Amino acid sequence: MSNRALVIVPTYNERDNLEPMVDRIRALPRKVDLLVVDDNSPDGTGELADQLAKKYSQVHVLHREKKEGLGRAYIAGFKWALADDYEFVMEMDGDFSHNPDDIPKFLEAAENADLVLGSRYADGIRVINWPLGRLMLSMGAALYVQTITGMPFTDPTGGYKCFRRRALSSIDLDRVFSNGYSFQIELTHKIWRQGLRIAEVPIIFTDRFIGTSKMSRNIVWEALWIVWHMWLENGLCRWPTTKPDDDDEKRPHS
């Protein structure tokens, strides 16, 4: 079985962050590859990514013609990772709000899980540089998702994750409906409702200091209604419809 790990970083105007991000990933104690999925950034992020890919074998680039949202960028990255036989596939923001030094912690937890979620709210609040309103919105969204879907996770809207290959392969990626931050909720729900094993690891989330946030009102509205769609799709159930013991073939074997 392959033991290769890949971090997918969608980018749009992240030129200032990209090279420092590559340096941090290359400095990790375990070899991890990086896939930059660039949505034709006007600031030249894609061109810089190509230069770094020529310089470092760990760096790969997937160019997309236009900006189509976070979800579509990750779907493209997932398909690329599955086609190239990666066992561990991670999502990570490219603005250092997610600390690359946490990657080994995710990979260790993923040895015994199908999906590992980075949680800002496990055993306390670990968020830096957010105004109170943004923090309350995030925590309220987590409670909203928990209440409607039944998922017990402390941070279901977070975007720092590690998937095992089996978990990604269990999802029909072409039928993932959402595209904004609700994309994170939908993927977790699709894996959770199959009864696959999901773990949480605590992280410290630091809001970006360079660049601008991609959050918008449309993204918030999508997240508000998409959880009802997930509940309906799960047959109005607030629990997994398949138990792990009934579906052992999908569980990872280290």
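Description of the structure in this document. (Residues numbered from 1 in each chain as written. Predicted model: local features only at pLDDT ≥ 70, side-chain atom pairs only at ≥ 80, totals over all residues. Heavy atoms only, no water.)

Moving on to the environment of T241. Looking at the element boundaries, T241 is found in the segment after α8 (217-233). Assessed through its relative accessible area of 48%, T241 is described here as partly exposed. Discounting residues that sit within four places of it in the chain, T241 has contacts with R193 and N234. (Helix = DSSP H or I, 4+ residues; strand = E, 2+ residues; numbered from the N terminus. Buried < 20%, exposed > 50% of the residue type's maximum accessible area, 1.4 Å probe, protein only. Contact = heavy atoms within 4.5 Å.)

Attention now moves to the pattern of salt bridges. If the charged atoms of two oppositely charged side chains come close together, the side chains can form a pair. Scanning the entire structure with this criterion turns up 13 salt bridges. The salt bridge involving R197 is made with D114; its shortest N-O contact spans 3.9 Å. Separated by 83 residues along the polypeptide, R197 in the loop between α7 (182-192) and β8 (198-202) and D114 in the loop between α4 (103-110) and β5 (115-119) bring together distant segments of the chain. Under the relative-accessibility criterion, R197 is labelled partly exposed at 23%. When its relative accessible area of 0% is taken as the criterion, D114 is described as buried. With a shortest N-O distance of 2.7 Å, D155 and R120 are connected by a salt bridge. Residue D155 is located in the loop between α5 (132-149) and β7 (161-164), and its partner R120 is located in the loop between β5 and β6 (127-128); the two are separated by 35 residues in the primary sequence. Neither residue differs from the other here; D155 and R120 are each classed as buried. (Salt bridge = Lys/Arg side-chain N within 4 Å of Asp/Glu carboxyl O.)

Counting 35 residues, the largest nonpolar core has I8, F78 and I191 as its most contacted members. Mapped by element, the contributors of at least two residues to this core are β1 (5-11), β2 (33-38), α3 (70-83), β5, α5, α6 (165-169), α7 and α8. The leading source of residues in this core is α3, at six residues. Each residue touching I191, except ones within four places of it in the same chain, is listed here: L115, F163, A167, I171, L196 and I198. (Core = buried A, V, L, I, M, F, W, Y, C linked by side-chain atoms within 4.5 Å.)

Turning our attention to the packing of α3 against α7. With their axes 9 Å apart at the nearest point, α3 and α7 run at an angle of 45 degrees to one another. Between α3 and α7, the angle falls in the class oblique. Only F183, Q184 and L187 of α7 make contact with α3, whose side of the interface consists of L70, G71, Y74, I75 and F78. Class assignment for the residues of the contact of α3 with α7 results in six nonpolar, two polar and no charged. (Axes fitted to C-alpha atoms, helices over the stretch in contact; angles between N-to-C directions. Parallel < 35°, antiparallel > 145°, perpendicular 65-115°, else oblique. Nonpolar A, V, L, I, M, F, W, Y, C, P; charged D, E, K, R; others polar.)

The next thing to look at is the packing of helix α1 (residues 15-26) against helix α2 (residues 45-55). What describes two packed helices is the angle between their axes and the distance between those same axes. At their nearest, the axes of α1 and α2 sit 9 Å apart, and the two run at 20 degrees to each other. It follows that α1 is roughly parallel to α2 by the angle criterion. Seen along the crossing, α1 lies across α2 with a hand that is right-handed. The segment α1 lies against α2, with R15, L18, E19 and V22 engaging T45, L48, A49 and L52. Among the residues making up the contact of α1 with α2, the classes are represented as five nonpolar, one polar and two charged. (Left-handed = near helix turned anticlockwise from the far one by under 90°.)

Read these as spatial facts, not as claims about activity.
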